[in-house]
Amino acid sequence: MPRAVYVLALGVFAMVTSEFVVAGLMPQMADGLDVGIPDIGYLITAFAVAMAFGGPFLTVAVLRLRPKPALAVLFAIFLAGNVLAATASGYAVMVVARVVTGVASQAFFGVALSICAQLTRPEVRGRSVAVVLNGLMLGTLLGLPLSTLIGEHLGWRAAFWAIAALTVVAALCTAAGVPPLEHADGGGGLRQELGVFRNPRLWRVLSTSTCVIGATFCAFSYLNPILTEVTGFAPGTVPLLLVAYGAATVIGNHVVGRLADRYAVPVLLCGLVLNFLFLAGFALLAHRATPAVVFMLGIGLVGVTMNPAMVTRVQRTGNARPLVNTIHSSFITLGIIIGSSLGGVAVGRFGLRSPLWLGAAMAVVGVATLLPDLPMRGRSRRIRGETQEKQAIRT
């Protein structure tokens, strides 16, 4: 695997740590900004909205740049957003900071995955995507709990300063470790980039990713208050539980990365069904410590870990260029929007278990978006079998 793939994972780690930090510091940020916990939950939504709707526009803006200079520009914008968050004087300023970092993060994902595709052979792209997205998993395993610990001991602003420092390190490593590259497939301009979206199947494939991540984030966005207020864990125990959750995502990402190149659709189907069971079980038994932890870890194993299979499926349906990858990330973050925003509404009206039921419902919808592909896979196997039989008869 090229060294640059691991360097890209470090950049993703910085982006994801910034995205998730709010989930680990909800009570502290609510006190510091003088707002309620649902308002802090909406900061996750603001980040996601910026990713979903602003990221593609920023990607278009950097399309004329070669991949490596484009990453440098995106790092600079992301750094500015985190500095603004660390110095935010009020809730409105924090919302602006989350928007800036969200837009830069989304565009970074698109460009980074495109570089990953350029650096690796098509038959191992799923595995290389898993390596890059290990940055996402390590963001939950290490970035989130570490930023939570920093926030609890030094204040939530210190957590954002730490992320800013990490961003500088990732940018320097990228400058040294990623080789100069030309545009993917020789470029082609915006019109060629947009042409692939005329394929109606691509939109259904994208919607599956929305459901996978939306189901997961219904739970993840509110893990801290669920574990403390419903399950009864002490606040100091939550970072350790988040480490365990992150470890589960690393394991799941590795397994899915190994399978994504050959079994993308079956892996996604299995992941969605299991996620439904874990979310429903968590909702029913959230008041009991052992089942709650088991179901939480299950969600970690089969939630965001579906990313390598999702990326592989989208790139095969569309292409591996920056705009397709960014739009795919937009559909992923649409799931985050649904999970965090509707989850916040549900918490206010029905209590802290309700986002878990909402996530289970989204998993069911995700299964429905996969069903048209299952007969297609069956027909493909039958056609291959018939062809082999004909060839055997002829010989």
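For clarity, every value in this text was computed on a predicted model and none was experimentally measured.

Another aspect to go through is the overall build of the protein. Helix and strand counts for the protein come out as 16 helices and zero strands. Taking 21 Å as the expected radius of gyration for a compact globule of 395 residues, we find that the protein reaches 21 Å, a close match to that expectation. If one aligns the C-alpha atoms of the protein with their principal axes, the spans along those axes are about 75 × 45 × 35 Å. Residues classed as buried in the protein amount to 57% of the 395 residues present.

A word on empty space enclosed by the protein. Throughout the structure, instances matching the rule amount to two cavities of 30 Å³ or more. In this structure, the largest cavity encloses a volume near 190 Å³. Around the largest cavity, the lining is made up of 18 residues, and of these Met51, Phe109, Leu136, Asn307 and Ile332 lie nearest the centre. Where the lining of the largest cavity is concerned, the elements lending two or more residues are α1 (3-24), α5 (91-119), α6 (125-154), α9 (200-220), α13 (307-317) and α14 (322-350). Among the elements that line the lining of the largest cavity, the one with the most residues is α14, at five residues. A per-class count over the lining of the largest cavity returns 13 nonpolar, four polar and one charged.

A separate point is the packing of aromatic side chains. For the structure shown, the criterion picks out six aromatic pairs. Ring geometry for Phe217 and Phe220: centres 5.3 Å apart, planes at 65°, overall edge-to-face. Of this pair, Phe217 and Phe220 both sit in helix α9, three residues apart, which is roughly one turn of that helix. Residue classification places Phe217 among the buried residues on the basis of a relative accessible area of 4%. With a relative accessible area of 4%, Phe220 lands in the buried category. Among the aromatic residues, those joined into a ring-pair cluster are Phe197, Trp203 and Phe331.

Below, the discussion takes up the state of the cysteines. All told, the structure shown has zero disulfides when counted by the stated rule. Between Cys173, a cysteine without a disulfide, and Cys116, which holds the nearest cysteine sulfur, the sulfur-to-sulfur distance is 17 Å. The class of Cys173 is partly exposed, set by a relative accessible area of 32%. Not engaged in a disulfide, the cysteine Cys218 finds its nearest cysteine sulfur in Cys211; these two sulfurs lie 10 Å apart.

To continue, consider the pattern of salt bridges. Here the structure, examined in full by the defined rule, presents four salt bridges. A salt bridge links Arg201 to Asp373, with the nearest nitrogen and oxygen atoms 3.1 Å apart. Taken together, the positions of Arg201 in helix α9 and Asp373 in helix α16 (residues 373-394) put the pair 172 residues apart, joining distant regions of the chain. Classification of Asp373 as buried rests on a relative accessible area of 1%. With a shortest N-O distance of 2.7 Å, Asp373 and Arg313 are connected by a salt bridge. Taken together, the residues span a long stretch of sequence, with Asp373 in helix α16 and Arg313 in helix α13 at a distance of 60 residues. Of the two residues, Asp373 and Arg313, both sit in the buried class. The structure contains a network of salt bridges with shared partners spanning Arg201, Arg204, Arg313 and Asp373.

What follows concerns the packing of helix α3 (residues 37-61) against α5. Relative placement of two packed helices is described by the angle separating their axes and the distance separating the axes. The contact between α3 and α5 brings their axes to 6 Å, and the two run at 45°. By the criterion of interaxial angle, the relationship of α3 to α5 is oblique. α5 is crossed by α3, and the crossing has right-handed handedness. For the contact of α3 with α5, the class distribution of residues is 18 nonpolar, seven polar and two charged.

Together, Ile251, Val255, Leu259, Tyr263 and Leu301 make up a nonpolar patch on the protein surface, roughly 410 Å² of accessible area in all. In terms of residue count, helix α11 (residues 238-285) provides more of the nonpolar patch than any other element does, four residues in total. For Leu259, the position within the fold is in helix α11.

This paragraph deals with the environment of Pro266. Tracing the backbone through its elements, the reader meets Pro266 in helix α11. Along the chain, Pro266 and Leu374 lie 108 residues apart, while their C-alpha atoms are 8.3 Å from each other.

This part is about the nonpolar core. Residues Met29, Met94, Phe160 and Phe282 are the most contacted members of the largest nonpolar core, which totals 109 residues. Setting aside residues up to four positions removed in sequence, Phe160 forms contacts with Val21, Val22, Met29, Asn82, Ala85, Ala86, Met94 and Arg98. Judged by nonpolar contacts, the second largest core, of 10 residues, contains Phe197, Leu202, Val205 and Leu323.

In this section: the confidence of the model for the protein. When pLDDT is averaged along the protein, the result is 84, and 91% of the positions lie at 70 or above. This stretch, residues 378-395, has a pLDDT under 50; its non-local contacts, to residues over four places away or in other chains, come to zero contacts.

Positioned with a positive phi, Asp34 is a non-glycine residue whose angle comes to about 60°. Among the secondary structure elements, Asp34 is positioned in the loop between α2 (26-33) and α3.

The rules behind these values
Throughout this description, residue numbers start from 1 for each chain and increase along the sequence as written. Reporting of local features is limited, given that this is a predicted model, to residues whose pLDDT is at least 70; pairs of side-chain atoms are given and counted only at 80 or more, and all residues count toward the totals for whole chains, interfaces and linings. Side-chain figures throughout are based on the complete set of non-hydrogen atoms in the structure, without hydrogens or water. Labels follow the DSSP assignment, with helices taken as runs of H or I lasting at least four residues and strands as runs of E lasting at least two, numbered in each case from the N terminus. To get the radius of gyration, use the C-alpha atoms; to get the globule rule, take the number of residues to the power 0.38 and multiply by 2.2 Å. Throughout this description, buried means an accessible area under 20% of the type-specific maximum (1.4 Å probe, protein chains only), exposed means over 50%, and partly exposed covers the range between. Lining residues are defined by having an atom within 4 Å of a point belonging to a cavity or pocket. Those points lie on a 1 Å grid over the protein atoms alone, cavities being sets where a 1.4 Å probe fits but cannot get out and pockets being open sets with protein on both sides within 12 Å along at least five of seven lines. Grid points are joined across faces, edges and corners, and a volume is the space filled by probe spheres set on the points. Classification used: nonpolar for Ala, Val, Leu, Ile, Met, Phe, Trp, Tyr, Cys and Pro, charged for Asp, Glu, Lys and Arg, polar for all others including Gly. Ring pairs are drawn from Phe, Tyr and Trp, using the six-membered ring of Trp, whenever the two centres fall within 6.5 Å, and their geometry is named by plane angle: stacked under 30 degrees, edge-to-face over 60, tilted for the rest. Any pair of cysteine sulfurs within 2.5 Å is marked as a disulfide. Between Lys or Arg on one side and Asp or Glu on the other, a salt bridge is scored when a side-chain nitrogen of the former is within 4 Å of a carboxyl oxygen of the latter. Angles shown run from 0 to 180 degrees and are taken between the N-to-C directions of axes, each axis being a line fitted to C-alpha atoms and, for helices, limited to the stretch in contact. Comment on the angle field: the value is read as roughly parallel under 35 degrees, roughly antiparallel over 145, roughly perpendicular from 65 to 115, and oblique elsewhere. Handedness of each helix crossing follows the sense of rotation of the near helix against the far helix: counterclockwise by less than a right angle gives left-handed, clockwise gives right-handed. Patch rule: a residue counts if its relative accessible area is over 30% and it has no salt bridge; like charges are joined within 9 Å, and nonpolar side chains (Val, Leu, Ile, Met, Phe, Trp, Tyr) within 5 Å. Accessible surface is estimated by sampling points in the Shrake-Rupley manner with a 1.4 Å probe; for residues, cover comes only from the protein chains shown. We define the nonpolar core as a collection of buried residues of types Ala, Val, Leu, Ile, Met, Phe, Trp, Tyr and Cys that are connected through side-chain atoms lying within 4.5 Å of one another. Any two residues whose heavy atoms approach within 4.5 Å are treated as being in contact. Confidence of the predictor at the level of single residues is captured by pLDDT, which takes values from 0 to 100.

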